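Examination of the molecular architecture
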Amino acid sequence: KQWYQRRVRGDTQCGFKLFTRAAARAIFTRLNIERWAFDVEIFVIANLLGIGATEVAVNWQEIDGSKLVPIFSWLEMAKDLAMIRTRYLIGAWSVTTKEE
């Protein structure tokens, strides 16, 4: 079994996401990552639970003043992505280990 069968397309890091109440409860109670890559883990958990996702265009206005430090942030993201993949692959994290 693949750890994550569906590839996420689009911008997983966009700050705007909308969930049904049931989907939010099912997904957010199972999150392990609290840093940059939590967006990616949201999609991994949703996929493992069979919760679909749809990308919808919204009007968005960028606001200057990001506190992002590019090199450091990229390294943190790479570390978190590797951790997500590894821990779900070896079974250290599972969508069935936490109660809803």
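Residues numbered from 1 in each chain as written. Predicted model: local features only at pLDDT ≥ 70, side-chain atom pairs only at ≥ 80, totals over all residues. Heavy atoms only, no water.

To continue, consider the overall build of the chain. Helix and strand content of the chain: three helices and zero strands. Each helix (α) and strand (β) of the chain, taken in turn from the N terminus, gives the series α-α-α. Residues classed as buried in the chain amount to 27% of the 100 residues present. When contacts within the chain are restricted to residue pairs at least 6 apart in sequence, long-range pairs at least 24 apart make up 73% of them. Counting only carbon and sulfur atoms, one obtains 56% of the accessible surface of the chain, whose full area is about 7,700 Å². (Helix = DSSP H or I, 4+ residues; strand = E, 2+ residues; numbered from the N terminus. Buried < 20%, exposed > 50% of the residue type's maximum accessible area, 1.4 Å probe, protein only. Contact = heavy atoms within 4.5 Å. Areas by Shrake-Rupley, 256 points an atom, 1.4 Å probe, with all protein chains shown as cover.)

The next point concerns the nonpolar core. Judged by nonpolar contacts, the single largest core of 15 residues is most densely connected at Ile-33, Ile-45, Ile-84, Tyr-88 and Trp-93. For this core, the secondary-structure elements that each account for two or more residues are α2 (38–49) and α3 (70–90). (Core = buried A, V, L, I, M, F, W, Y, C linked by side-chain atoms within 4.5 Å.)

As a further point, take the packing of aromatic side chains. Overall, the coordinates contain two aromatic pairs when judged by the stated rule. Relative to Phe-28, the ring of Phe-19 lies with its centre 5.1 Å away and its plane at 85 degrees, an arrangement referred to as edge-to-face. By relative accessible area, which is 29% here, Phe-19 ends up partly exposed. Judged by relative accessible area, which is 36%, Phe-28 ranks as partly exposed. Between the aromatic rings of Tyr-88 and Trp-93, the centroid separation amounts to 5.8 Å while the plane-to-plane angle is 75 degrees, which identifies the pairing as edge-to-face. Each member of the pair, Tyr-88 as well as Trp-93, is classed as buried. (Phe/Tyr/Trp six-rings, centres within 6.5 Å; stacked < 30°, edge-to-face > 60°.)

For the rest of this paragraph, the subject is helix α1 (residues 21–28). Taken together, the buried positions of α1 are occupied by Ala-23, Ala-26 and Ile-27. Looking straight down α1, one finds that the buried residues subtend no more than 90 degrees of arc, so they occupy a single side. Across from the buried face of α1, at angles greater than 90 degrees, the exposed residues are Arg-21 and Arg-25. Looking at the buried residues of α1, the elements they touch are α2. (Arc of directions from axis to C-beta.)

Direction vectors running N to C along α1 and α2 enclose 110 degrees, while the axes themselves pass 9 Å from each other. The angle between α1 and α2 places the two elements in the roughly perpendicular class. Where α1 abuts α2, its residues Ala-26, Ile-27 and Phe-28 lie against Ile-42, Ile-45, Ala-46 and Leu-49. The residue inventory of the contact of α1 with α2, partitioned by class, reads seven nonpolar, no polar and no charged. (Axes fitted to C-alpha atoms, helices over the stretch in contact; angles between N-to-C directions. Parallel < 35°, antiparallel > 145°, perpendicular 65-115°, else oblique. Nonpolar A, V, L, I, M, F, W, Y, C, P; charged D, E, K, R; others polar.)

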